[in-house]
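# Notes for the structure review
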Amino acid sequence: MLMCRRWLVCSLRGQIRRLSFSASRRSVMPAWVIDKYGKNEVLRFTKNAALPIIHYPNEVIVKVHAAGLNPLDISMRGGYGAATMAMKRDPLSMKQSGSEFPLILGRDVSGEIIECGLDVNYFKPGDQVWAAVPPWKQGSLAEFVVLSANEVSHKPKSLRHVEAASIPYVAATAWSVIVNTGGLNKDNCAKKRVLILGGSGGVGTLAIQMVKAWGAHVTVTCSQNAERLVRDLGADDVVDYTSGPVEKLQTLQKFDFILDNIGGETEKWALDLLKPWNGAKYVTLVTPFLHNTDRLGLADGMMQSAVTVGCKVLKHLRKGVHYRWGFFAPSGPTLDTISEMVDDGKVHPVVEEVFSFAQVPQAFQKVEQGHARGKTVVSIVEHQKE
């Protein structure tokens, strides 16, 4: 339905060239960048970052009103995934090593479209939009960001930009894991038993609301001081992981689906909580894929990852359950659906703290501390009338 709607809007508007923003604007903008990988001290504010331009006819330029931070930004600041991201940016290896610098981080954006490419008909300048910026692209901690139109969606009308910026990346990730990999959706989720391990962070809080809106019974593990938060979001059962979740979880009915945001030792016991020989799935977001490519190079790293996941899939398939790795996948149509759920009151933003654009290093420190209770957001356009 949403894809058809996009096609219809494009057909009605026709091939209309937008007024060019590029021809008359300045060539630089303020942004937070890194010039090398490292800890928080590598973050640098500049007023002379290169202002993005449209290179392909399906791209749009968005003026950033607010940007959300994710644990991935902390990892990327330290160089995590650099080998894979370099391949995505430069598939033919034509550029020198380090050509990604100065690099702008930030994976969530909520803002306003300033310019559209020739083939963009679903959006127009002035549209209020949100998006999850793929990690191989320049990020949202800047005045402007360029995106493909199929990565962008109209922002929920009920949210301010600082609220909207807390959702896109975790929504796209949760959708990819739950729907694309886990096979759950609004038509088959009713009465399914879902376990979310580590439910108080960004992906967890969004996943709780998604599957609860679709009729699932939701069990969540989190620390005791996050219990009120996850219950308010719809969790039916809450287990304090600091008091030994394994014993408590083993007393509950087995589950149809497990989303693991924790990883590590969790895999040793979590899959035993699934219903055997019933199509039950365990999907983890904590995978060694990018670590392997960083350590072994792209080809050997991908081979190592394929062997690892293949062995685990076969091992658990013998026990009658399905083991999967989950990944972020940018998608404007996915955000269209989430936008409707937000405006219908089924999904709510969970913003833990908002920082000003001048406080980006402090925002990174906040995310790096862990134990998130929702999302950390940076307000780029302050005192903006929304």
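Let me begin by describing the structure that accompanies this report.

### Here's the deal with helix α3 (residues 82–89)
Within α3, burial applies to A82, T84 and M85. Projected down its long axis, α3 shows its buried positions confined to an angular sector of 165°, all on one face.

### Here's the deal with the state of the cysteines
Counted under the stated rule, the structure contains 0 disulfides. With no disulfide of its own, C222 lies 20 Å from the sulfur of C189, the closest cysteine sulfur. You can call C222 buried: its relative accessible area is 2%.

### Considerations on the packing of helix α5 (residues 168–181) against helix α6 (residues 202–213)
Axis separation between α5 and α6 bottoms out at 9 Å; the angle between their running directions is 55°. By the angle between their directions, the pair α5 and α6 is classed as oblique. Crossing of α5 against α6: the hand is right-handed. Contact residues: V170, A171, T173, A174, W175, I178 and V179 in α5; G202, V203, L206, A207, M210 and V211 in α6. Partitioned by chemical class, the residues of the contact of α5 with α6 number 11 nonpolar, 2 polar and no charged.

### Some remarks on the packing of aromatic side chains
Using the criterion set out here, one finds 8 aromatic pairs in the structure. Aromatic side chains W32 and F45 sit 5.5 Å apart centroid to centroid with 55° between the ring planes, which places their arrangement in the tilted category. Remark: F45 occurs in strand β2 (residues 43–50) and W32 occurs in strand β1 (residues 28–34); sequence separation between them is 13 residues. On the basis of relative accessible area, W32 is assigned to the buried category, the value being 10%. Where Y122 meets F123, the ring centres are 4.9 Å apart and the plane angle is 80°; that geometry is what we call edge-to-face.

### A word on empty space enclosed by the protein
Summed over all chains, the structure comprises 2 cavities of 30 Å³ or more. Along its surface, the largest cavity is lined by S166, I167, V170, G202, T205, L206, Q209, H348, P349, V350 and K375. Counting residues per element, the lining of the largest cavity draws most heavily on α6, which supplies 4 residues. Taken as a whole, the second largest cavity spans an internal volume of roughly 50 Å³.

### Considering the nonpolar core
In terms of nonpolar packing, the biggest core is built from 51 residues, with F123 and L141 touching the most fellow members. Sort the elements by how many residues they give to this core and strand β3 (residues 59–69) lands first, with 6 residues. Counting 40 residues, the second largest nonpolar core, distinct from the first, contains L184, V194, L233 and F257.

### Some points on the pattern of salt bridges
All chains considered together, the criterion is met by 15 salt bridges. Across the pair K312 and E267 runs a salt bridge, and its minimum N-O distance is 2.9 Å. Here the residue K312 occupies a position in helix α11 (residues 298–317), and E267 occupies one in helix α9 (residues 267–270), the gap between them amounting to 45 residues. Classification of E267 as buried rests on a relative accessible area of 16%. Notably, a salt bridge pairs E352 with K366, separated by 3.0 Å at the nearest N-O pair. Of this pair, E352 sits in strand β14 (residues 351–356) while K366 sits in helix α13 (residues 360–368), and the two are 14 residues apart along the sequence. When its relative accessible area of 30% is taken as the criterion, E352 is described as partly exposed. Looking at K366, the relative accessible area reads 15%, which means it is buried.

### Focus on the layout of surface pockets
Estimates place the volume of the second largest pocket at around 1200 Å³. Lining of the second largest pocket is provided by 36 residues; of these, R89, K95, W136, K137 and Q138 occupy positions nearest its centre. Those elements that place two or more of their residues in the lining of the second largest pocket are β2, α3 and β6 (144–148). With 6 residues, α3 is the single largest residue contributor to the lining of the second largest pocket. Classifying every residue of the lining of the second largest pocket by side-chain character gives 21 nonpolar, 8 polar and 7 charged.

### Considering the pairing of strand β13 (residues 322–325)
Where burial is concerned, the two faces of β13 differ: the one with Y323 and W325 is buried and the one with H322 and R324 is not. Across 4 bridges, strand β12 (residues 281–284) lies against β13 in parallel orientation. The residue bridging V283 from the neighbouring strand is R324, located in β13.

Cut-offs used in this document
- Residues numbered from 1 in each chain as written.
- Predicted model: local features only at pLDDT ≥ 70, side-chain atom pairs only at ≥ 80, totals over all residues.
- Heavy atoms only, no water.
- Buried < 20%, exposed > 50% of the residue type's maximum accessible area, 1.4 Å probe, protein only.
- Helix = DSSP H or I, 4+ residues; strand = E, 2+ residues; numbered from the N terminus.
- Arc of directions from axis to C-beta.
- Disulfide = S-S within 2.5 Å.
- Axes fitted to C-alpha atoms, helices over the stretch in contact; angles between N-to-C directions.
- Parallel < 35°, antiparallel > 145°, perpendicular 65-115°, else oblique.
- Left-handed = near helix turned anticlockwise from the far one by under 90°.
- Contact = heavy atoms within 4.5 Å.
- Nonpolar A, V, L, I, M, F, W, Y, C, P; charged D, E, K, R; others polar.
- Phe/Tyr/Trp six-rings, centres within 6.5 Å; stacked < 30°, edge-to-face > 60°.
- 1 Å grid on protein atoms, 1.4 Å probe; cavity = no way out; pocket = protein on both sides within 12 Å on 5 of 7 lines; lining within 4 Å.
- Points joined across faces, edges and corners; volume = space filled by probe spheres on them.
- Core = buried A, V, L, I, M, F, W, Y, C linked by side-chain atoms within 4.5 Å.
- Salt bridge = Lys/Arg side-chain N within 4 Å of Asp/Glu carboxyl O.
- Pairing = 2+ DSSP bridges.

Without other data, these values stay purely geometric and don't point to any function.
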